[in-house]
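Structural features, examined
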Amino acid sequence: MRAHDSATASTAIAVTAPEPRTAGPSGASASGAVSPATGPSGASAPGTGSASRTPASDPRARGTLLAGLGVVAFSLTFPSTVWGLESFGPWSLVAVRSTLAALLAGVFLLAGRVPPPERRHWAGLAVVAGGVVVGFPLLTSLALRTSTTSHAAVVVGLLPLTTAAFAALRTGRRPSRTFWIAAVSGAAVVLGFTLAESGGALSTGDLYLFGALLVCAAGYTEGGRLAALMPGWQVIGWALVFCLPLMLVASAVALSLEPVHLNAHGVVGLVWVAAGSTFFGLYVWYRGMAAIGIPKASQLQLAQPLLTLVWSVSLLGEDLSPTAPVAAVAVLVCIAVTQRSTS
């Protein structure tokens, strides 16, 4: 995976007591969604049964907003990675970004006096760490040495559908036929648009990109499940902290083997992928998934490739096809259908 909100936007949440959650998986919905009639803590949502809830009091509206912010943050990841690669090698960039993000997460966890997660959550956190903290950043960094951001967006366009499929397998739930038709249609629009933008040619980084697609979908799915049991920022926070010892060693080794040429682009790219994409983006993303469910949240990512292309034009100077507005409208229609369908 990415909106220029900083991680400081999470401070007020991080220093408050953890939100009450259900005692175990049996107390949460299979998809990680909060019941429409209850708030995140399980209490009756304001206005339930007596009056219509306002968007500010509706957990699903808040969840959609948070997941949307995560998509915007993620959409900046590829351009920021390209900037970061101007100063660092791919292994160094991933190791250093993960180290910085883990240190930031550790500060927030300490400030909030958050106890370590229960042992039964460790395996899930390992999947999150392997998929979204290490696997996706490393594989996409390797791919972006030879692939353009528009070509890489082909895989990102397929991520929502892959995440929904992983979620169905993991939770045992089956979204409606309307949901799948809209999801496949949106993925097809994004895939056709991004392939047209890249000339339809396969780059040498395609294997890296498809590998990144699989590990990221697994990490998103498991993270969304855990976000129904603990606050979303704690999910990514502990996944990052678990990786810290490994990333410290990896940073030392990678920096000694790969040359470093610091410039403004490289530093800004590193800071964004560490604080913006890896910490803030995943924080709001997992919190949003806990509120609206994994399949519906994943479909918001249909807009991510188009946003990435916008950033690519404004930040990297890439050309944007005049068909982009048409594709954007088609994708937004698909997103609206998936959000209104029953899952």
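I will try to describe carefully the structure that is included in this document. (Residues numbered from 1 in each chain as written. Predicted model: local features only at pLDDT ≥ 70, side-chain atom pairs only at ≥ 80, totals over all residues. Heavy atoms only, no water.)

In this section: the pattern of salt bridges. A complete count under the given rule lists three salt bridges for this structure. Between Arg-120 and Glu-118 there is a salt bridge, with the nearest N and O atoms lying 2.6 Å from each other. Judged by relative accessible area, which is 44%, Glu-118 ranks as partly exposed. The closest approach of N and O atoms between Arg-170 and Glu-222, which form a salt bridge, is 3.0 Å. Of this pair, Arg-170 sits in helix α6 (residues 149-171) while Glu-222 sits in helix α8 (residues 206-226); the two residues are 52 residues apart in sequence, bridging distant segments of the chain. We classify Arg-170 as partly exposed; its relative accessible area is 43%. (Salt bridge = Lys/Arg side-chain N within 4 Å of Asp/Glu carboxyl O. Buried < 20%, exposed > 50% of the residue type's maximum accessible area, 1.4 Å probe, protein only. Helix = DSSP H or I, 4+ residues; strand = E, 2+ residues; numbered from the N terminus.)

Peptide bonds are mostly trans, and most non-glycine residues show a negative phi. Phi is positive for Arg-113, which is not a glycine, with a value near 50 degrees. Here Arg-113 lies in the loop between α4 (90-111) and α5 (122-143).

This model, assessed by the stated rule, comprises eight aromatic pairs. Aromatic pair Phe-78 and Phe-136: ring centres 6.3 Å apart, planes at 15 degrees, arrangement stacked. Taken together, the positions of Phe-78 in helix α3 (residues 77-84) and Phe-136 in helix α5 put the pair 58 residues apart, joining distant regions of the chain. For the pair Phe-78 and Phe-136, a shared accessibility class is recorded, and that class is buried. Pairing Trp-238 with Phe-242 gives two aromatic rings, centres 6.3 Å apart and planes at 45 degrees, and the pair type is tilted. Note that Trp-238 and Phe-242 are positioned in helix α9 (residues 232-257) at a spacing of four residues, about one turn of the helix. (Phe/Tyr/Trp six-rings, centres within 6.5 Å; stacked < 30°, edge-to-face > 60°.)

A few words now on the packing of α4 against α5. Axis separation between α4 and α5 bottoms out at 9 Å; the angle between their running directions is 150 degrees. Taken as axis vectors, α4 and α5 run roughly antiparallel relative to one another. By crossing handedness, the relation of α4 to α5 is classed as right-handed. Residues Pro-90, Trp-91, Leu-93, Val-94, Arg-97 and Ser-98 of α4 form the contact with α5, whose participating residues are Val-133, Val-134, Pro-137, Leu-138, Ser-141 and Leu-142. Partitioned by chemical class, the residues of the contact of α4 with α5 number nine nonpolar, two polar and one charged. (Axes fitted to C-alpha atoms, helices over the stretch in contact; angles between N-to-C directions. Parallel < 35°, antiparallel > 145°, perpendicular 65-115°, else oblique. Left-handed = near helix turned anticlockwise from the far one by under 90°. Contact = heavy atoms within 4.5 Å. Nonpolar A, V, L, I, M, F, W, Y, C, P; charged D, E, K, R; others polar.)

With respect to the helices and strands, the residue Thr-162 is situated in helix α6. Leave out the neighbours within four places in its chain, and Thr-162 touches Leu-213, Leu-214 and Ala-217.

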